[in-house]
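# Coordinates in review
Okay, here's what each chain looks like letter by letter:
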Amino acid sequence: MFINGAWISAESGREFPSYNPASGEIIGMVPDGEAIDAHKAIDAAAGAFPKWSSQTAYQRSQFLYRAHALMMEKLEHLAAVMTEEQGKPIQAARNEVRYAADFLIWYAEEAKRIYGQTIPSDRADQRFIVLRQPVGVVAAITPWNYPISMITRKVAPAMAAGCTIVLKPAEATPLCAKAVFEILEAAGIPEGVVNLVTAQTPGPIGELFLTDPRIRKLTFTGSTGVGKMLAREAAEQMKRVSLELGGHAPFIVCQDADPKRAATGLSLVKFLNTGQACISPNRVFVHEGAMDAFINELTRRVSAMKAGSGFDTGVRIGPLVNEAALDKVDRQVRDAVAKGAELVVGGRRMTEEGLDRGFFYAPTILRGVTPEMVIYREETFGPVAPIIAYNDADDLLAMANDTRYGLASYVYTNDLKTAFTLFEGLEFAIVGINDINPTSAAAPFGGMKESGLGREGGIQGLDDYLETKLGGFSI
Ligand code: ADP
């Protein structure tokens, strides 16, 4: 763990293993932190806050610029740690490290543009000034699916705003977190500003984050259930919360779209990270007129996808994170088939030579998915594309919006009016129009409805780390 500028063991001396999900092998041990260790980290962050928050934005930026340069220098190393620990193909891991580094440089620049405001008063002797100040010590909890970029997406804006941080990464990917903090350390960030507590059991640390009054803000990326619990408990001390939770993205292929292009897009975005992304398409609505061409192209592409270790050439499908994730995907597929869906390809655990010790699920296409099936409502987090035929464009928005989630959505159309109608009518905070990658460090990412609160990235990504203070001056 990295606390107050030093690498230390857990108070208990205990450690826990990290595994390679492609082989089931143990790849390293990390300290198993508990509340007592998190307490030390909060002490460090609270101690560092007065000095860090009073540095100028220009000074704070320098550390972020340095961290960015170091992250780009160490790109290969970080990508290799990620592929080994999380399983994604090495090229995807490299892309994620670049995305992670983008947050460091974006917020190095944006730190200098945390502007206030002056407001005219109706009293001649009065002046109003609005000041933006850091909220204080931030607790951050991050997931395993994007184990490096989800850390910088929180740490960079927090540092830019002048906050200090205690981060608890996912128990499945502590080595990725350690590798990021080695870079933050090498960037010379003052001690106590960024602190890392690894732990196998997150509950007691989450509890401390919620009850220690020095934590003024909690930022969380993970499952909707845990996010809701954290939001409820955070209300007790009225802590600020940012939540980036689950999704159930619709992927819409309109009658006028190019079905081959749409199928290519789906084959890329659906199977990215083996479907383990909150913005992964979960319901693919295809107009009946485009269906055959779409399915043919998709099947051709999906059938050719190679599964295996992310280090092997040509591998597109890495393992799922663990056995429970495999079971969940398989249960959804069986439920859909039992209720009448057609299995076009896939639909099984892969146990061939070389895959038998990892958590591999064959890339799957289900056709004829209906609202009665579990997969129509529940997030999948796996390599399954559920296809739903539609006929009447008037029903489309209601069908797409019929979910408690509101994170990402995708539309393929060549008609400008359709594009605008769907862009404006979809109750999702991210809409890709003929675009499967509507994300960037410069753009706001987050969810409507039960997909979360607040936005990360872009200028909006700073808001949640800042308080707004009004000064009224009588002269
Ligand atoms: P997933 O199902 O994707 O693993 P989780 O929400 O369980 O999603 O995990 C996301 C992050 O939340 C991880 O860092 C995990 O350790 C953490 N987490 C899980 N349960 C709790 C909890 N009760 N309190 C605090 N953090 C938690």
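Please read all numbers here as calculations on a predicted model, not as lab measurements.

### What about the overall build of the chain?
When you go through the chain residue by residue, the secondary structure sums to 14 helices and 26 strands. Its C-alpha atoms give the chain a radius of gyration of 23 Å, near enough to 23 Å, the size a compact globule of 475 residues would have. Once the C-alpha set of the chain is aligned to its principal axes, its extents read approximately 70 × 60 × 40 Å. By sequence separation, contacts in the chain at least 24 residues apart represent 73% of the contacts at least 6 residues apart. If you sum the accessible surface of the chain, you get close to 19100 Å²; carbon and sulfur atoms cover 53% of it.

### Concerning the domain arrangement of the chain
If you check the domain split of the chain, you get domain 1 (2–245 + 451–474) and domain 2 (249–440). The centre of domain 1, based on its C-alpha atoms, is set 31 Å off from the matching centre of domain 2. Between domain 1 and domain 2, the contact holds 24 residues from the first and 26 residues from the second. Between domain 1 and domain 2 lies a buried interface of about 2000 Å² when both sides are counted; carbon and sulfur atoms form 58% of it. Together, Pro-21, Trp-144 and Ser-451 form the three largest contributors to the area buried by domain 1 at its contact with domain 2, with a combined 25%. Linking domain 1 to domain 2 there are 1 salt bridge. The residue Arg-357 makes a salt bridge to Glu-25 at a minimum N-O spacing of 4.0 Å. At the surface where domain 1 touches domain 2, the tally comes to 7 residue pairs in polar contact (both at pLDDT 80 or more). Of all the secondary-structure elements, those providing two or more residues to the side of domain 1 that touches domain 2 are α3 (75–86), α4 (90–110) and α8 (224–234). If one sorts the elements of the side of domain 1 that touches domain 2 by residue count, α3 sits on top with 4 residues. Across the side of domain 1 that touches domain 2, the residue classes break down as 10 nonpolar, 8 polar and 6 charged.

### A few points about the pairing of strand β10 (residues 215–221)
The buried fraction of β10 amounts to 6 of the 7 residues, a majority that puts the element mostly inside the structure. The pairing of strand β7 (residues 137–141) with β10 spans 5 bridges and is parallel. Looking across to β10, one finds that Val-138 is bridged to Lys-217. As paired strands, β10 and strand β11 (residues 240–244) are joined by 5 bridges and run parallel to one another. Opposite Phe-220, over in β11, you have Leu-243 as the bridge partner. For the handedness criterion, the β-α-β arrangement of β10, α8 and β11 is classed as right-handed.

### Concerning the environment of Ile-141
Tracing the backbone through its elements, the reader meets Ile-141 in strand β7. In this structure Ile-141 comes out as buried when scored by relative accessible area, which is 10%. Along the chain, Ile-141 and Val-166 lie 25 residues apart, while their C-alpha atoms are 8.7 Å from each other. Apart from the residues lying within four places of it in its own chain, the contact partners of Ile-141 are Lys-154, Lys-168, Phe-209, Leu-218, Thr-219, Phe-220, Thr-221 and Leu-230.

### Points about the site of the ligand
The ligand sits among 16 residues. The nearest are Thr-142, Trp-144, Lys-168, Glu-171 and Ser-223. Take Ser-223: an N or O atom from its side chain is 2.6 Å from an oxygen atom of the ligand. In the complex, 76% of the free accessible area of the ligand, which totals 550 Å², lies under the protein chains. Breaking the shell around the ligand down by element, the ones donating at least two residues are α7 (203–211), β10 and α8. Class assignment of the residues belonging to the shell around the ligand gives a composition of 8 nonpolar, 6 polar and 2 charged.

### Examining the nonpolar core
In this structure, Met-71, Met-159, Ile-165 and Val-194 are the most contacted members of the largest nonpolar core, which totals 58 residues. In terms of residue count, α4 provides more of this core than any other element does, 10 residues in total. Met-71 has contacts with Leu-78, Val-97, Ala-100, Ala-101, Leu-104, Ile-148, Thr-152, Val-180 and Ile-183, leaving out every residue within four places of it along the chain. Counting 37 residues, the second-largest nonpolar core is a separate cluster that includes Ala-257, Cys-278, Leu-298 and Ala-385.

### Focus on the state of the cysteines
What makes a disulfide is a covalent bond joining the sulfur atoms belonging to two cysteines. In the structure shown here, the tally under the stated rule is 0 disulfides. With no disulfide partner, Cys-176 has as its closest neighbouring cysteine sulfur the one in Cys-278, 17 Å distant. Overall, Cys-176 belongs to the buried group, its relative accessible area being 0%.

### Focus: the side chain of Gln-276
Structurally, Gln-276 can be placed in the loop between α9 (259–270) and β13 (281–287). Aside from chain neighbours lying at most four places away, what touches Gln-276 is Gln-86, Trp-144, Asn-145, Tyr-146, Pro-319, Leu-320, Val-321 and Phe-381.

The rules behind the values
- Residues numbered from 1 in each chain as written.
- Predicted model: local features only at pLDDT ≥ 70, side-chain atom pairs only at ≥ 80, totals over all residues.
- Heavy atoms only, no water.
- Helix = DSSP H or I, 4+ residues; strand = E, 2+ residues; numbered from the N terminus.
- Rg over C-alpha atoms; globule rule 2.2 N^0.38 Å.
- Contact = heavy atoms within 4.5 Å.
- Areas by Shrake-Rupley, 256 points an atom, 1.4 Å probe, with all protein chains shown as cover.
- Domains from an automatic or database assignment.
- Buried area = accessible area lost by both parts, 1.4 Å probe.
- Salt bridge = Lys/Arg side-chain N within 4 Å of Asp/Glu carboxyl O.
- Polar contact = N/O pair within 3.5 Å; in protein donor to acceptor, adjacent residues only side chain to side chain.
- Nonpolar A, V, L, I, M, F, W, Y, C, P; charged D, E, K, R; others polar.
- Buried < 20%, exposed > 50% of the residue type's maximum accessible area, 1.4 Å probe, protein only.
- Pairing = 2+ DSSP bridges.
- Right-handed = clockwise from strand over helix to strand, strands pointing away.
- Near = heavy atom within 4 Å.
- Core = buried A, V, L, I, M, F, W, Y, C linked by side-chain atoms within 4.5 Å.
- Disulfide = S-S within 2.5 Å.

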